[in-house]
Amino acid sequence: QVQLVESGGGLVEAGGSLRLSCVASGSIYSINRAGWYRQAPGKQRELVAGITSSGTTNYADSVKGRFTISRDNAKNTVYLQMNSLKPEDTAVYYCNTKVVVQTGGWYDYWGQGTQVTVSS
């Protein structure tokens, strides 16, 4: 009933920027909390950034000062602005949300993943 669609990934040179988008659609009332995770080959999935329902954010130490998570509640969309990208940022990025559906109840959903590749 709810689908998360990610976009914005791609290939970028070191020092460049990308903005990832995560759009929730379907029988959704609102997004409660959301986060961006990433997983590089041979590594565990890690939390990159999170945002609460009230807008409070938190970041992994490795991306602080470079990445910004934000949300547009009217569009049911979560963003990840990535600046000053480094080769070590290369990974598949996943959006995760806790969604309040229109009929009531909260559910957890994952996006399909989008590849971010940063060349040196």
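Keep in mind that what you see is a predicted model, and the values were worked out from it rather than measured.

**Looking at the nonpolar core**
Membership of the largest hydrophobic core comes to 30 residues, with the highest contact counts inside it found for Trp36, Phe67, Leu80, Met82 and Tyr93. Secondary-structure elements contributing two or more residues to this core are β1 (2-7), β3 (18-26), β4 (28-39), β5 (46-51), β7 (67-72), β8 (77-82), β9 (91-101) and β11 (114-119). Looking at this core, the element that brings in the most residues is β9, giving five residues. Once residues lying within four places of it in the same chain are set aside, the contact partners of Met82 are Gly16, Ser17, Leu18, Leu20, Arg66, Phe67, Tyr93 and Val116.

**Considering the environment of Ser84**
Along the chain, the position of Ser84 falls in the loop between β8 and β9. The exposure class assigned to Ser84 is partly exposed, which follows from its relative accessible area of 41%. With 20 residues separating them in the primary sequence, Ser84 and Lys64 have C-alpha atoms 11 Å apart. Those residues within four positions of Ser84 in sequence are excluded, and the remaining contacts are Gly15, Gly16, Ser17, Arg66 and Asp89.

**Observations regarding unusual backbone geometry**
Residues other than glycine seldom take positive phi values, yet Asn76 does so here, at roughly 50°. As for its placement among the helices and strands, Asn76 is situated in the loop between β7 and β8. Its identity as a non-glycine residue notwithstanding, Ser84 has a phi of 50°, on the positive side.

**Some remarks on the state of the cysteines**
In a disulfide, the sulfur atoms of two cysteines are covalently bonded to one another. Taken as a whole and assessed by the stated rule, the structure comprises one disulfide. Between the sulfur atoms of Cys22 and its disulfide partner Cys95 the distance amounts to 2.2 Å. Looking down the S-S bond of the Cys22 and Cys95 bridge, the torsion is -85°, so its handedness is left-handed. With Cys22 in strand β3 and Cys95 in strand β9, the pair connects residues that are 73 residues apart, well separated along the chain. Residue Cys22 is classed as buried on the basis of its relative accessible area of 1%. The buried category is assigned to Cys95, whose relative accessible area is 0%.

**Some points on the sheet that holds β1**
Reading across the sheet, the four strands line up as β1-β3-β8-β7 and stay open at both edges, with antiparallel pairing between neighbours. Lying at the two open borders of the sheet, with one neighbouring strand each, are β1 and β7. Each adjacent strand pair in this sheet contributes to an overall mean axis angle of 15°, direction not counted. Taken together, the six bridges between β3 and β8 define a ladder with antiparallel strand orientation.

**A closer look at the environment of Gln112**
Here Gln112 is to be found in the loop between β10 (106-110) and β11. Taking C-alpha positions, Gln112 is 8.8 Å from Tyr93, a pair spaced 19 residues apart along the chain. Residue contacts for Gln112: discarding those within four places in its chain leaves Leu4, Val5, Glu6 and Tyr94.

What counts, and at which threshold
Residues numbered from 1 in each chain as written. Predicted model: local features only at pLDDT ≥ 70, side-chain atom pairs only at ≥ 80, totals over all residues. Heavy atoms only, no water. Core = buried A, V, L, I, M, F, W, Y, C linked by side-chain atoms within 4.5 Å. Buried < 20%, exposed > 50% of the residue type's maximum accessible area, 1.4 Å probe, protein only. Helix = DSSP H or I, 4+ residues; strand = E, 2+ residues; numbered from the N terminus. Contact = heavy atoms within 4.5 Å. Disulfide = S-S within 2.5 Å. Pairing = 2+ DSSP bridges. Axes fitted to C-alpha atoms, helices over the stretch in contact; angles between N-to-C directions.

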